[in-house]
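Inside the fold
Given next are the chains, with one letter for each unit.
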Amino acid sequence: MGYVRAFAEGNKEQRDLLGGKGANLAEMTNLGLPVPPGFTITTEACRAYLQHGGEPEGLAEEVTEHLEVLEKTMGRRLGGADDPLLVSVRSGAKFSMPGMMETVLNIGLNDESVAGLARQSDDKRFAQDSYRRLLQMFGATVMGIDSEHFADALDAAKRERGTDNDLDLDADALASLVETFKGIVRHQAGREFPQDPREQLDLAIRAVFDSWNTDRARLYRRQERIPEDLGTAVNVQAMVFGNFGMDSGSGVAFTRDPASGAQGVYGDYLQNAQGEDVVAGIRNTVSLADFGEVDRAAYDHLMSIMARLERHYRDMCDIEFTVERGKLWMLQTRVGKRTPEAAFRIAIHMVDEGLIEMDEAVMRVTGDQLAQLMFPRFDESAERTLLATGMNASPGAAVGKAVFDSDTAVEWAERGDDVILVRKETNPDDLRGMVSARGILTSRGGKTSHAAVVARGMGRTCVCGAEALDVDTKAREFRVRGGETIREGDLISIDGTTGEVFAGEVPVSASLVVRHFEGEKSDDDLVTAVSRIMAHADGARRLRVRANSDTPDDSARARRFGAQGIGLCRTEHMFLGDRRELVERLIVAENEADQLAALDALLPLQRQDFTEIFEAMDGLPVTIRLIDPPLHEFLPDLTDLSVEVALAEERGKVDEHSRQLLTHVRRLHEQNPMLGLRGVRLGIQIPGLFRMQARAILEAAADRVEAGGAPRPEIMIPLVASVRELDVVKSGILQVAEDVQTTRGVNLDFKIGTMIELPRAAFLADRIAASAEFFSFGTNDLTQMAWGFSRDDVEAAFFSRYFDHGIFDVSPFESLDQLGVGGMVEMGTAKGRETKPDLKVGICGEHGGDPRSIHFFDSVGLDYVSCSPFRVPVARLEAGRSVLANRRSG
């Protein structure tokens with residue numbers, strides 16, 4: 001069908017082809033709603049344009065054909081001298097990217113048609129205002145002129161007339177401003193503003209295509225994990241005018257509150273304004289209720305359409321509309337972005353209203369949203385100094401140093417500071433700072449402003465429209481009217497749930513949802529929604545969820561959070577603190593007797609560690625990894641100790657212990673310790689070490705059995721590359737087990753398995769499975785080995801370049817590299833089960849708590865994932881969502 005579609009030719013299911021905006025414009029058109037006519041240039045055209053560096057063959061002719069139909073429908077000609085047709089050109093990708101790509105309004109105005117528009121509308125001021133808007137938008141987005149040039153000229157025009165409101169500029173003032181803007185274009189772009197309407201249209205279409213690859217668009221896609229190769233559609237639509245006068249205006253509305261999820265309509269309206277004014281926060285808006293007082297007929301029509309759209313989409317809808325001289329026009333609808341609180345509440349409300357089923361409710365929320373609900377909140381009992389209250393645009397509690405521009409936010413965050421980005425209003429170029437900041441605070445705008453929409457999408461705390469703040473970005477400070485001044489670097493706290501802004505650092509406390517998981521009773525509807533959704537996800541999921549835990553307290557907490565065992569207990573963490581000296585004695589032991597004495601001293605301490613963990617996890621499996629890191633990590637740094645000994649010798653105060661210790665540190669020093677004497681190699685080199693740990697584990701299990709418990713230890717041998725390595729260590733553990741069971745007169749339910757964290761182990765998993773009773777993939781080290789990366793070095797060294805070039809869309813340490821590392825997990829699992837069909841397989845790396853990785857692990861048949869205690873609810877939810885997603889697609 002070519003590259004262009006009329007609105008009537010599409011529907012909401014064609015987001016891949018028409019983009020979200022185009023698909024929904026088509027849907028509203030086919031529903032018979034009042035949508036200004038137009039057409040969509042497909043994402044296929046954008047991809048062809050970006051691939052070949054120019055418009056694909058035939059696109060210009062198709063645009064001409066559809067433009068002629070539009071002109072005939074409207075009875076006007078684009079840029080006609082007497083009664084001009086004006087159009088908007090808007091981007092619209094498959095996934096919403098608010099403010100990240102370009103929009104140009106009023107295409108078709110020039111020095112001649114502006115006079116025709118004035119005559120046709122009988123309003124010279126409106127015509128000049130529309131022309132200056134075109135010049136400003138076109139100059140910035142199409143010709144690449146810094147928007148500050150236009151903003152400064154507009155501010156100067158308002159100052160000249162003694163006002164801070166652009167509505168006070170009359171027709172003559174706006175005509176003068178038009179000439180000023182044309183001069184800015186001439187000076188900054190080196191050419192005149194194009195007077196040919198078709199040239200304007202063609203250049204605007206290309207600018208939208210090009211905006212797919214702007215830095216801010218690429219950053220947003222990386223932040224939201226949107227694929228780079230989708231491209232954007234372009235929507236060309238007949239203009240309707242909200243800036244016709246006080247009987248006109250533009251607004252944005254939600255069918256439910258996007259911040260809280262409360263039922264009832266929410267939104268903003270701005271009289272005598274075009275849509276970009278609303279989202280930009282240039283003037284503060286009024287509520288939809290106030291709109292009802294201004295224009296009851298248009299308001300009632302809007303309410304009926306909003307109700308219809310929500311029933312049709314079976315979801316909360318985000319709507320953009322314009323009123324032109326009392327007539328309502330629908331410019332856009334989409335499923336609205338919402339906060340985590342709103343997502344859970346709305347999902348359950350819609351179940352109770354009969355709009356969706358529980359399966360769908362679980363699919364409407366995400367593990368990332370649940371994680372955000374678990375973030376701390378401000379302690380209401382703490383002393384607080386209130387500075388101002390604005391719109392509660394995106395919930396959460398954020399504390400940081402006030403900064404006043406995006407670059408400073410990025411710079412300070414990179415050096416480790418928590419920052420709050422403070423602006424009069426944000427614009428798309430602020431995205432880098434918004435990503436780096438803990439929270440966003442603006443003095444202008446409402447819940448539908450750019451700052452609010454983007455912050456909600458990213459899960460950033462945000463307070464908008466705090467009108468009591470006078471933000472001076474040049475002086476790098478804001479003044480509270482009638483109060484104090486906050487300067488750059490001063491600590492502030494913002495509450496995105498209440499809209500409050502506080503001076504200094506406000507203490508935080510556990511969130512309501514965390515307290516719910518800890519067992520606290522609550523009748524709050526958010527807790528109810530989370531509880532119902534989690535129960536349904538648990539009922540649907542196949543994957544079991546364990547926790548990574550090294551202490552009894554963490555183990556008990558993990559169990560309260562729903563963990564079904566421990567997937568990784570790291571024994572090396574038990575050797576730190578006061579026990580480091582005992583490990584040191586083991587390392588410097590000159591003979592076997594000294595070595596055994598050190599191990600005997602460690603044994604009761606290790607046994608007590610495991611006894612308490614088995615008690616917390618009674619009846620559930622506990623996978624305990626024998627010591628993995630190289631022993632030098634328990635010794636002083638080589639350089640520091642060398643300097644200490646040298647200085648002591650220089651002063652004649654020789655410390656024999658330090659000198660002896662230095663000898664051992666030098667002996668154990670390795671150029672690449674992560675590939676040296678560690679894991680199973682250490683257990684073979686110092687066999688008493690692993691045997692001591694195994695005895696501590698099994699004696700603790702025997703203690704629990706004698707106390708009436710049901711311990712289920714799983715002893716995991718790390719860094720195995722050869723089945724023979726596993727056999728050597730396993731035989732020693734079995735000897736210990738036989739001794740403990742005989743001595744104590746108990747039968748212990750225990751397993752011996754291995755961690756698969758080397759590529760060789762994955763390739764030879766069929767052989768290793770002959771001796772292993774379980775596999776646990778250590779995806780942290782497996783990722784390092786597969787990529788040849790040292791995690792501690794590479795993330796800061798060059799990952800940013802890899803993101804810029806599209807090599808990564810997310811760090812492989814954050815979300816599993818499914819093709820490479822995931823391929824080894826899939827292969828290792830399949831090979832292991834060829835040898836042992838009932839082989840239990842899990843994963844205990846950090847990827848066990850990552851939503852996208854969890855779906856992959858479910859798809860390749862792992863039995864469980866293991867993650868930090870606070871990620872356990874997230875993993876439970878995502879494991880359920882994975883099953884439901886497969887049902888939906890299958």
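Residues numbered from 1 in each chain as written. Predicted model: local features only at pLDDT ≥ 70, side-chain atom pairs only at ≥ 80, totals over all residues. Heavy atoms only, no water.

Below, the discussion takes up unusual backbone geometry. In this structure, D122 is a non-glycine residue whose phi angle is positive, near 55°. Position of D122 among the secondary structure elements: in the loop between α4 (113–121) and α5 (124–141). Residue D122 is classed as exposed on the basis of its relative accessible area, which comes to 71%. Phi is positive for R325, which is not a glycine, with a value near 50°. By secondary structure assignment, the location of R325 is in the loop between β11 (317–324) and β12 (327–335). Assessed through its relative accessible area of 43%, R325 is described here as partly exposed. (Helix = DSSP H or I, 4+ residues; strand = E, 2+ residues; numbered from the N terminus. Buried < 20%, exposed > 50% of the residue type's maximum accessible area, 1.4 Å probe, protein only.)

Next up on the list: the sheet that holds strand β24 (residues 500–503). Spatial ordering of the open sheet is given by β14-β24-β23-β16-β17-β18-β19-β15, a layout of eight strands whose pairing is mixed. Two strands lie at the open edges of the sheet, namely β14 (385–389) and β15 (391–394), each paired on one side alone. Going from strand to strand, the sheet's axes swing by 30° on average, the running direction of each strand aside. Bridge count for β14 against β24 is four bridges, and the pairing is antiparallel. (Pairing = 2+ DSSP bridges. Axes fitted to C-alpha atoms, helices over the stretch in contact; angles between N-to-C directions.)

This brings us to helix α35 (residues 851–859). Of the residues making up α35, those classed as buried are P851, S853, I854, F856, F857 and D858. Packing partners of the buried residues in α35 comprise α15 (367–373), α31 (779–787), α34 (821–835), β32 (840–843), β33 (864–867) and α36 (872–889). G861 sits one or two residues past α35 and shows a positive phi near 90°. (Contact = heavy atoms within 4.5 Å.)

Most of strand β5 (residues 87–93) is tucked away, with seven of its seven residues classed as buried. Burial of the side chains of β5 extends over both faces: V87, V89, S91 and A93 are buried on one face and S88, R90 and G92 on the other. Pairing of β5 with strand β6 (residues 103–107) involves three bridges; the strand directions are antiparallel. Bridging across to β6, V89 finds its partner in V104. Summarising the sheet, β5 and strand β7 (residues 232–238) pair through seven bridges and their orientation is antiparallel.

The next thing to look at is the nonpolar core. Core analysis: the biggest nonpolar cluster contains 124 residues, and F344 and I717 have the highest contact counts within it. Broken down by element, the residue count for this core peaks at ten residues, all from helix α27 (residues 687–706). Core analysis: the next-biggest nonpolar cluster, separate from the first, contains 54 residues, I41, L154, A204 and V208 among them. (Core = buried A, V, L, I, M, F, W, Y, C linked by side-chain atoms within 4.5 Å.)

Once that is clear, we can look at the pattern of salt bridges. Inspection of every chain in the model, using the stated rule, returns 68 salt bridges. The salt bridge involving R216 is made with E102; its shortest N-O contact spans 3.3 Å. With R216 in helix α9 (residues 215–224) and E102 in the loop between β5 and β6, this pair connects stretches of sequence that are 114 residues apart. Taken as a pair, R216 and E102 share a single burial class, namely buried. Note that D554 is salt-bridged to R557, the shortest N-O span being 3.1 Å. Highlighted residues: D554 and R557, both in helix α21 (residues 552–560), separated by three residues, approximately one helical turn. Under the relative-accessibility criterion, R557 is labelled partly exposed at 22%. Put simply, D315, R338, E360, R364 and R888 are held in one network by salt bridges that share partners. (Salt bridge = Lys/Arg side-chain N within 4 Å of Asp/Glu carboxyl O.)

Let us now look at the side chain of R541. Within the element layout of this structure, R541 appears in the loop between α20 (525–540) and β26 (544–548). A distance of 2.7 Å separates a polar atom in the side chain of R541 from the backbone oxygen of L543. Among the polar contacts listed, one links the side chain of R541 to the side chain of Q564, at a separation of 3.0 Å. Residues contacting R541, with those up to four places away along its chain left out, are Q564, R876, A879, G880 and V883. (Polar contact = N/O pair within 3.5 Å; in protein donor to acceptor, adjacent residues only side chain to side chain.)

As far as function goes, none of this settles anything; it's purely spatial.
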